[in-house]
Amino acid sequence: MRPEADIAASGRPGEAAELLDTVFETAPIGLVLFDTEFCFLRINRRLAEINGAPVADHLGRRIEDVLPGNTAGVLRTMRPTLMAGRSVEEVEFDTPDPVTGEPRWWVISYTPLRNPEGQVDRFLGTVREVTARKQAEQRSEVLVREIDHRIKNLLSLVQSIARQTHAGGAEDFLPRFEARLEALAGAQDVLMEDRWTSVDFERLARSQLAHLGEALDSRLTLAGPQLAISAEAAQHLAMAVHELGTNAVKHGALSSGSGEVRLSWSADAPSDRLELTWCERGGPDCRPPARRGFGTLVLGPLLKQALDAYAVSDFRPEGLVWRMTARLGDVIAAR
């Protein structure tokens, strides 16, 4: 594009004015020219769209007659600065969407224009919508707060694992502690794949039972409907499944060559009820543990505290049966 001076020198001085008019009218941002009392002298099509009124409905009218009260108020506060010959840059404010009522965000800038005598006689303004950026910023803020909350919960859970594992004796503390941390890390991996929104329960359970190798699906079966559980519930249910699997290998049905385990779950929306059942058969004689360790804590009190769930371990001669019931709404991911 040739400079305006070249256009004038070519014998077509009107082309520069036409070009400026075209730029004004087709600009992707709102453009407006006010007099010093904030009466519309000129407005482009984009700003007319933003204001929700035709261009003709603006011209010669005051801002209070066209714009929402809060918008007109923001502009009025700028007048002393503009009349003093100083620009106002990047002022951000929001207005409700006329259809949805949701906030829309704008950035406006105004520059005073002077007449040949040097007096300010007009204000030139620009209006840009930044709603998408503001929404992204708000989502980021929510995400940061959520990450902070989850990190604190995770550290609290790790501390609990360390204390309870140590209470079981120092002799094999390290392998037991590492195994539990690996289980917790496995749950985090599954959650990360779904961006910490939700996770399918069967997929989560399999991540905690993968160390069983060929026994998974041959001697340990999983049965239940597809169930998207929340990230908060996933951490606690993952630890419970891991403890059940580990106990079955060490002391329960999977410690012998003939034992079997079934993990099943059901979800009833009308009654808002979730039930998980771990049922062992064919292992050695089943007896309650001599002491209350980390497994007891994970399979009972921690679930009550975190999910308001009721869990009970029934040590039957034929094998352990563990059941947990909870409100479905406390476990599933919000939609």
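These numbers were taken from a predicted model, which means no experiment stands behind them.

**Concerning the overall build of the chain**
Next, step 1: From N to C terminus, the chain includes 12 helices and 12 strands.
Next, step 2: Relative to its 335 residues, the chain shows a buried fraction of 38%.
Next, step 3: Intrachain contacts of the chain at a sequence separation of at least 6 include 54% that bridge at least 24 residues.
Next, step 4: In the structure as shown, the chain presents an accessible area of about 18600 Å², 54% of it carried by carbon and sulfur atoms.

**Regarding the pairing of strand β2 (residues 40–43)**
Next, step 1: Both strand β1 (residues 30–35) and β2 contribute to a ladder of three bridges, which runs antiparallel. Looking at the pairing, Val 32 lines up with Ile 43 of β2.
Next, step 2: Counting the residues between successive antiparallel strands, the hairpin from β1 to β2 contains four residues, one of them, Phe 38, with a positive phi of roughly 60 degrees.

**Section: unusual backbone geometry**
Next, step 1: Positive phi outside glycine occurs at Asp 217, with the angle close to 85 degrees.
Next, step 2: Following the sequence through the fold, Asp 217 ends up in helix α9 (residues 215–218).
Next, step 3: Relative accessible area serves as the criterion here: at 45%, Asp 217 is assigned to the partly exposed category.
Next, step 4: A positive phi is found at Asp 308, a non-glycine position, where the angle reads about 55 degrees.

**Points about the sheet that holds strand β9 (residues 260–268)**
Next, step 1: The five strands are arranged β7-β9-β10-β12-β11 in an open sheet whose pairing can be described as mixed. The open sheet has two edge strands, β7 (220–223) and β11 (310–316), and neither has a second partner. On average, each strand axis in the sheet is inclined to that of its neighbour by 10 degrees, with strand direction left out of account.
Next, step 2: Strand direction decides the pairing type here: strand β10 (residues 273–281) and strand β12 (residues 319–327), joined by seven bridges, are antiparallel. Bridge pairing in β12 places Leu 274 opposite Ala 326.
Next, step 3: Across the sheet, helix α10 (residues 231–250) touches β9, β10 and β12, and the angle it forms with β10 is around 10 degrees.

**Remarks on the pattern of salt bridges**
Next, step 1: A complete count under the given rule lists 22 salt bridges for this structure.
Next, step 2: Arg 104 is the salt-bridge partner of Glu 129, the closest N and O atoms lying 3.0 Å from each other. Taken together, the positions of Glu 129 in strand β5 (residues 120–129) and Arg 104 in strand β4 (residues 103–114) put the pair 25 residues apart, joining distant regions of the chain.
Next, step 3: Glu 129 sits in the partly exposed class, given a relative accessible area of 32%.
Next, step 4: Close ionic contact of Arg 206 with Glu 202 constitutes a salt bridge, the shortest N to O distance being 3.2 Å. Placement of both Arg 206 and Glu 202 in helix α8 (residues 201–209) is noted, with a separation of four residues, approximately one turn of the helix.

**Considerations on the confidence of the model for the chain**
Next, step 1: Mean pLDDT for the chain: 83, with 82% of residues reaching 70 or above.
Next, step 2: Within the chain, β10 carries the highest mean pLDDT (95), whereas helix α1 (residues 4–9) carries the lowest (45).
Next, step 3: Note on residues 1–11: pLDDT is under 50 here. Beyond four places in sequence and across chains, it has 11 contacts.

**So, the sheet that holds β4**
Next, step 1: Strand order in the open sheet formed by five strands is β2-β1-β5-β4-β3, and the pairing between neighbours is antiparallel. Each end of this open sheet is capped by a strand with a single partner; those strands are β2 and β3 (88–96). Within this sheet the neighbouring strands show an average axis-to-axis angle of 25 degrees, counted without direction.
Next, step 2: Note that β1 and β5 share six bridges and pair antiparallel.

**Some details on the environment of Phe 177**
Next, step 1: Residue placement: Phe 177 occurs in helix α7 (residues 173–193).
Next, step 2: The spacing of Phe 177 and Ala 162 is 15 residues in sequence and 6.6 Å in space, taken between C-alpha atoms.

**A look at the nonpolar core**
Generally speaking, nonpolar side chains in soluble globular proteins are found buried as a group.
Next, step 1: Phe 201, Trp 278 and Met 324 are the most contacted members of the largest nonpolar core, which has 43 residues in total.
Next, step 2: For this core, the elements supplying multiple residues, two or more each, are α8, α9, β7, α10, β9, β10, α12 (301–307) and β12.
Next, step 3: Per element, the largest residue contribution to this core is nine residues, and it comes from α10.
Next, step 4: Trp 278 has contacts with Leu 209, Leu 220, Leu 244, Gly 245, Ala 248, Val 261, Arg 262, Leu 263, Leu 320, Val 321 and Trp 322, leaving out every residue within four places of it along the chain.
Next, step 5: By size, the runner-up hydrophobic cluster in this structure holds 23 residues, among which are Phe 40, Ala 72, Met 78 and Val 120.

Rules behind the numbers
Residues numbered from 1 in each chain as written. Predicted model: local features only at pLDDT ≥ 70, side-chain atom pairs only at ≥ 80, totals over all residues. Heavy atoms only, no water. Helix = DSSP H or I, 4+ residues; strand = E, 2+ residues; numbered from the N terminus. Buried < 20%, exposed > 50% of the residue type's maximum accessible area, 1.4 Å probe, protein only. Contact = heavy atoms within 4.5 Å. Areas by Shrake-Rupley, 256 points an atom, 1.4 Å probe, with all protein chains shown as cover. Pairing = 2+ DSSP bridges. Axes fitted to C-alpha atoms, helices over the stretch in contact; angles between N-to-C directions. Salt bridge = Lys/Arg side-chain N within 4 Å of Asp/Glu carboxyl O. pLDDT = per-residue confidence, 0-100. Core = buried A, V, L, I, M, F, W, Y, C linked by side-chain atoms within 4.5 Å.

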